[in-house]
Each structure stands twice: as C-alpha cells, then as structure tokens.
Amino acid sequence: MSFVTDLYRGGPNAGMTEFQEKQRLQHECSMHTELEKLLATAKSPEVEISRKDFEGFTKLFHRFLQEKGPSVDWAKIQRPPEDSIQPYEKIKLKGLPADVASSLNKLAVVKLNGGLGTSMGCKGPKSLISVRNENTFLDLTVQQIEHLNKKYNADVPLVLMNSFNTDEDTKKILQKYTHHRVKIHTFNQSRYPRINKESLLPMATNMGLTGENEEAWYPPGHGDIYASFFNSGVLDKLIADGKEYIFVSNIDNLGATVDLHILNHLVSQPSSKRCEFVMEVTDKTRADVKGGTLTQYDGKLRLLEIAQVPKAHVDEFKSVTKFKIFNTNNLWISLPAIKRLHEQNAMDMEIIVNPKTLDGGLNVIQLETAVGAAMKSFDNVLGINVPRSRFLPVKTTSDLLLVMSNLYSMDAGSLTMSPKREFPTTPHVKLGSSFTKVRDFLKRFESIPDMLELDHLTVSGDVTFGKQVTLKGTVIIIANHGDRIDIPAGAMLENKIVSGNLRILDH
C-alpha cells in the first residue's frame, strides 16, 4: 500500500501557477518512487518502523514544496497578553501540597537524547560526556530523579528519546542503572533521508547506515517527539500507568530539573482549566538574541523562531527591549493532549529547512521541526518566566568550564550557584579553538581555576593553567601564534590582560 495520502491528490494549490503545481507533483511523485525503492531494501523488523518514519517525512516534504519564504506575517505579530506569561514567583507563592508524591506520580521526565558530542570533539552520545566529578549528563539526570523518588516515595520514570546515532551506545550504558530507583524507558525518534539540494531526491541508496549511506540520514529535530513517542507505544504505556504530564528538556541543560512548584500548579487546576502545555521562558541577555520567543499570533500564544522572521525584521527580533524573554526548551506537556492531537493529525509545527554541506561538498537539505512550535495546537497554554538558573546548557567547552568550577555546588545530581558568589549571573567565558575538544580542554587545566569572582574570561592560543589559579574580574589571555603562555600554579589574575610574551597588564 502506498503511504502517500489522498492529501496530495487535490487540485492546484492557491498561489501556485499551473507550471509550479506540475513541478511540485513531479517532485512528490519522484520522491515517492525513491522512498518505495529504499523501503524495499529494509530488513523485515524495521520495514514497519521505516514506513511510519517515511509517512512523517512525506508530509513534511509536501509542505516544504508548497510553502515559500518566512512562515509568519510580521504585521500580525503582537506582544503576548500580560497573563499569558506568569512570573515564577507567583507560581511559587502557592506553596506545595502535603502529598507531593501524588503529584509526582502523575509525571514522567523526558530527556531529548538524540545528539552526538561531535561539536566538543567527542565520539558517541553527548549525554555520556563527563561534566562534573566524573558524572555524565545521564548520570546526573538519573541521580536527580532517583533522589525525588526516594525522598517522596514516588515513581517518576525517565524516558529517553534517542536517535539512530545514540540508541545503541545509550542502551549499553543503561545496564549500570539497573539497581537505581528509576524506571527507564527509551524510544527512537524518526530517521529521515537527507535530500539532495539539486535533485530534491534522497541521497541514500538503501536503508543501511554505513559506507556510502553513512551521511544519508538524519534525526529530524525534537519536534519529532510527538509522532515517535506515539508510534513507539511508550506514550500509551505511560497513560496506562497513570501519568498525566511529561517534563521535556534537553539532556545537556543542567538547569532543567523537576520543579515541584510548576508541577503543583499544573495538577492543582480544575480539570476543565488544566494547562496542556507550559513553556519555561527566561529573560533575554545579549547572549540569547537568537533564542525563540513567545508572541501572540492569530489570537494564540506561539513560539517565534529566528528562522521564521523575514530578513528585514531580524534586528527587531533580536532586540532585548521588544522581545524580552526566550524559550529555554523546558516544557511541561499533557500526555492525553499529545495523544488526542496526534490521533486527529492536528499537531501544527512550522518546518525548519536546515541546509548543510557534507564533507564531500554535496549540498543537502534537512527538514526539521521544533518541539515548542506545537504550542499553538494545545489548549490552555502558558509561559512561565523562570529564573536563569533553570537554563544551564553545556554546548561548548566554555560552558563546561563554568559547570566544572566552584561557581556551582552539586547535590543529588543538581547544580546550584554557590552562595559565595555575590551576583547571580554567570561569567562570560570565551575559550579559543585550542580548547574546543574536551580532551584538549582537560589537558590545558591542571585544576579548574577559582572563578567565584570572575566576570569575563577570554583565552586564545596555546595557553595552559597550573593548579589552584584564581581568576577575578575581567581576565584576557592571548598567546600570539607560535607563543605559549603557562599560567603558573597558585597565580591570581584580577582585571589582567596577559599577552603574547607573558607581559601581565592591568585591565
């Protein structure tokens, strides 16, 4: 049976000439033929999974051919109504119920675990990189949930959304948590074919993942969570177990812990007024200007991403005064609502067209979606403006330096800013290319410096740090090409510029 639905057999689309419509149908027909050829090479257990993946891909491809230009009309964008984004302090004022366990038992934690550690020079899943005292992102997540389950005698399961890149390695590691008090479920997000930009056909020649097909596939962004969660059967299992909400976050966001006040706010509402979707947002700084923000559009609260903004308005979008908050990608979503919207095919997410150039020089397109973009499909949605501490992503070794330092203390897998730091913002750290890979980064620090009083650190070139170095205020260390700078053990640098020949200047 063909998986191209009748949706694609209608008459000409509005806004398309007859020629364009003919071209679109041709592209869809060719894509359909190629996908069927690929399916014919699949081994029997994966045929059904791949067929479902391709159904999702085909819908995206159809929309990609129809939609041109930015997906929003800038004139329709309005500021969100006051009550649509609540301050966290107001949510916290409610206090907590006597029986926290009954709220926790309605929750499952979902971590987005599809990414590799390649940007930090690591092989395998990013979640397996050590970030603090030999603990990986995954270790810290398990410790946090186990602590909740033990403390409140609750049953909060952990669900990992893996990708074909991370699934095998993650499953091997999961054996080490067998005796922890956390049930762990996994499901795989979809596998979509990369599209050759010129021919608009898949670059894959078969369903394999190795050899010439190694770069032919991609996981289609975290917006795929809804379909793959539903298709995996894990969604239905959680609902059968009495779970009502999931808390979704990126596994590399160390600030994304279960917040009992937000959970209580969700489950204490009368069922007719219950929020189906809550997005945690936080105040923008100059470092966050590209982050998605919340707007009112066609009478609904929705996420606006930079990719959707017409070029003429990009600077306006980046303004910290007009759009004051950004999406942390910490989301609380109703499980029955996900099931309802998926069954009704009513999950509406904008397409993100991600162009890439592969190592061999081939230009390809990846069609992706973002989990937060589905916000407008849910009823009773809410933004909660949370403290910045709930957004602590580790994307680079500069971020890693912060979380490994004495700026944070760790308790039961959760990092909290040290009370000894006088102001709550984190220092701005920029490490040069010699520090990009975790392995190189670790070699350059005999021990992580004391950063409690640091505001800004820039390091460039061949620089190493001895033991027990202290950095305060603004410190800039630049080794010129061919020079090397060794910061001696026990050194204290406060408002200093250290340049190529190791002259130390006051900043």
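Right above here is the structure, for reference.
Residues numbered from 1 in each chain as written. Predicted model: local features only at pLDDT ≥ 70, side-chain atom pairs only at ≥ 80, totals over all residues. Heavy atoms only, no water.

**Topic: unusual backbone geometry**
- The phi torsion at asparagine 153 lies on the positive side, around 50°, for a residue other than glycine.
- By the secondary structure assignment, asparagine 153 is in the loop between helix H5 (137-152) and strand E5 (158-162).
- Since its relative accessible area comes to 57%, asparagine 153 is described here as exposed. (Helix = DSSP H or I, 4+ residues; strand = E, 2+ residues; numbered from the N terminus. Buried < 20%, exposed > 50% of the residue type's maximum accessible area, 1.4 Å probe, protein only.)

**Points about the side chain of lysine 111**
- Assignment of secondary structure puts lysine 111 in strand E2 (residues 107-113).
- Here lysine 111 sits buried without a salt bridge, and the closest side chain of opposite charge, aspartate 252, lies 8.5 Å off (N-O distance).
- Within the local environment of lysine 111, its side chain forms a polar contact with the backbone oxygen of alanine 256, the two atoms lying 3.1 Å apart.
- Residues contacting lysine 111, with those up to four places away along its chain left out, are Thr141, Leu158, Val159, Leu160, Met161, Ser249, Asn250, Ile251 and Ala256. (Lys, Arg positive; Asp, Glu negative; His and termini not counted. Salt bridge = Lys/Arg side-chain N within 4 Å of Asp/Glu carboxyl O. Polar contact = N/O pair within 3.5 Å; in protein donor to acceptor, adjacent residues only side chain to side chain. Contact = heavy atoms within 4.5 Å.)

**A closer look at the sheet that holds strand E15 (residues 352-357)**
- Taken together, three strands build an open sheet; the order of strands is E8-E16-E15 and the sheet is antiparallel. Edge positions in the sheet fall to strand E8 (195-196) and E15, since each has one partner strand and no second.
- Here E8 runs beside strand E16 (residues 363-368); their pairing, made up of two bridges, is antiparallel. When the bridges of E16 are listed, isoleucine 195 appears paired with isoleucine 365.
- Contacts between helix H2 (residues 44-66) and the sheet are confined to E8, E15 and E16, with E16 contributing the most and set at about 110° to the helix. (Pairing = 2+ DSSP bridges. Axes fitted to C-alpha atoms, helices over the stretch in contact; angles between N-to-C directions.)

**Focus on the packing of aromatic side chains**
- Across all of its chains, the model carries 15 aromatic pairs by this definition.
- When the ring of phenylalanine 57 is compared with that of phenylalanine 61, the centres are 6.0 Å apart and the planes differ by 15°; the resulting orientation is stacked. With a gap of four residues between them, phenylalanine 57 and phenylalanine 61 both fall in helix H2, about one helical turn apart. With respect to class, phenylalanine 57 is no different from phenylalanine 61; both count as buried.
- Relative to phenylalanine 323, the ring of tryptophan 74 lies with its centre 6.3 Å away and its plane at 75°, an arrangement referred to as edge-to-face. Taken together, the positions of tryptophan 74 in the loop between H2 and strand E1 (85-87) and phenylalanine 323 in the loop between helix H10 (314-318) and strand E14 (325-334) put the pair 249 residues apart, joining distant regions of the chain. With respect to burial, tryptophan 74 and phenylalanine 323 carry one shared label: buried.
- A network of ring pairs unites the aromatic residues Phe57, Phe61, Phe64, Tyr192 and Tyr218 as a single cluster. (Phe/Tyr/Trp six-rings, centres within 6.5 Å; stacked < 30°, edge-to-face > 60°.)

**Observations regarding the environment of valine 100**
- For valine 100, the location among the structural elements is in helix H4 (residues 100-104).
- Among the residues examined, valine 100 registers a relative accessible area of 9% and is labelled buried.
- Leave out the neighbours within four places in its chain, and valine 100 touches Tyr152 and Leu260.

**So, the packing of helix H1 (residues 18-39) against H2**
- Relative to each other, H1 and H2 sit at 165°, their axes nearing to 11 Å. If you check the angle between H1 and H2, you find them roughly antiparallel. Between H1 and H2 the crossing geometry is right-handed. Between H1 and H2, the residues in contact are Arg24, His27, Glu28, Met31, Leu35, Glu36, Leu38 and Leu39 and Val47, Ser50, Arg51, Phe54, Phe57, Thr58, Phe61, His62, Leu65 and Gln66, respectively.
- A breakdown of the residues in the contact of H1 with H2 according to their chemical character gives nine nonpolar, five polar and four charged. (Parallel < 35°, antiparallel > 145°, perpendicular 65-115°, else oblique. Left-handed = near helix turned anticlockwise from the far one by under 90°. Nonpolar A, V, L, I, M, F, W, Y, C, P; charged D, E, K, R; others polar.)

**Examining H1**
- The end-to-end C-alpha distance of H1, which contains 22 residues, comes to 31 Å, matching closely the 32 Å that a straight helix rising 1.5 Å per residue would cover.
- Listed in full, the buried residues belonging to H1 are Glu21, Arg24, Glu28, Met31, Leu35, Leu38 and Leu39. Burial along H1 is one-sided: seen end-on, the buried residues are contained in an arc of 110°. More than 90 degrees from the buried face of H1, the exposed residues found are Glu18, Phe19, Lys22 and Gln26.
- Taken together, the buried residues of H1 touch H2, strand E7 (192-193), E8 and strand E9 (217-218). (Expected span 1.5 Å × (residues − 1). Arc of directions from axis to C-beta.)

**Quick word on helix H9 (residues 260-267)**
- With respect to burial, H9 is a largely interior element, eight of its eight residues being buried.
- Regarding H9, the residues found buried are Leu260, His261, Ile262, Leu263, Asn264, His265, Leu266 and Val267.

**Regarding the sheet that holds strand E17 (residues 381-385)**
- Taken in spatial order, the eight strands of this open sheet run E1-E17-E11-E14-E10-E2-E5-E6, and their pairing is mixed. The sheet terminates laterally at E1 and strand E6 (184-188), the two strands that pair on one side only. Ignoring which end each strand starts from, the neighbouring axes of this sheet average 25° apart.
- Relative to E6, E5 runs parallel, the two sharing five bridges. Directly across from asparagine 162, in E6, lies its bridge partner asparagine 188.
- Against the sheet, helix H7 (residues 225-232) makes contact with E2, E5, E6, strand E10 (245-250), strand E11 (277-283) and E14, and its axis sits at roughly 115° relative to E6, the strand it touches most.

**Considering the pattern of salt bridges**
- Summed over the entire model, instances satisfying the criterion amount to 25 salt bridges.
- A salt bridge links lysine 395 to aspartate 252, with the nearest nitrogen and oxygen atoms 2.9 Å apart. In this pair, lysine 395 is assigned in the loop between E17 and helix H12 (397-404) and aspartate 252 in the loop between E10 and H9, connecting sequence segments 143 residues apart.
- For lysine 395, a relative accessible area of 40% gives the class partly exposed.
- Judged by its relative accessible area of 6%, aspartate 252 falls in the buried class.
- Of the charged contacts in the structure, one is a salt bridge between glutamate 316 and lysine 322, with a shortest N-O distance of 2.6 Å.
- Classification of glutamate 316 by relative accessible area gives partly exposed; the value is 29%.

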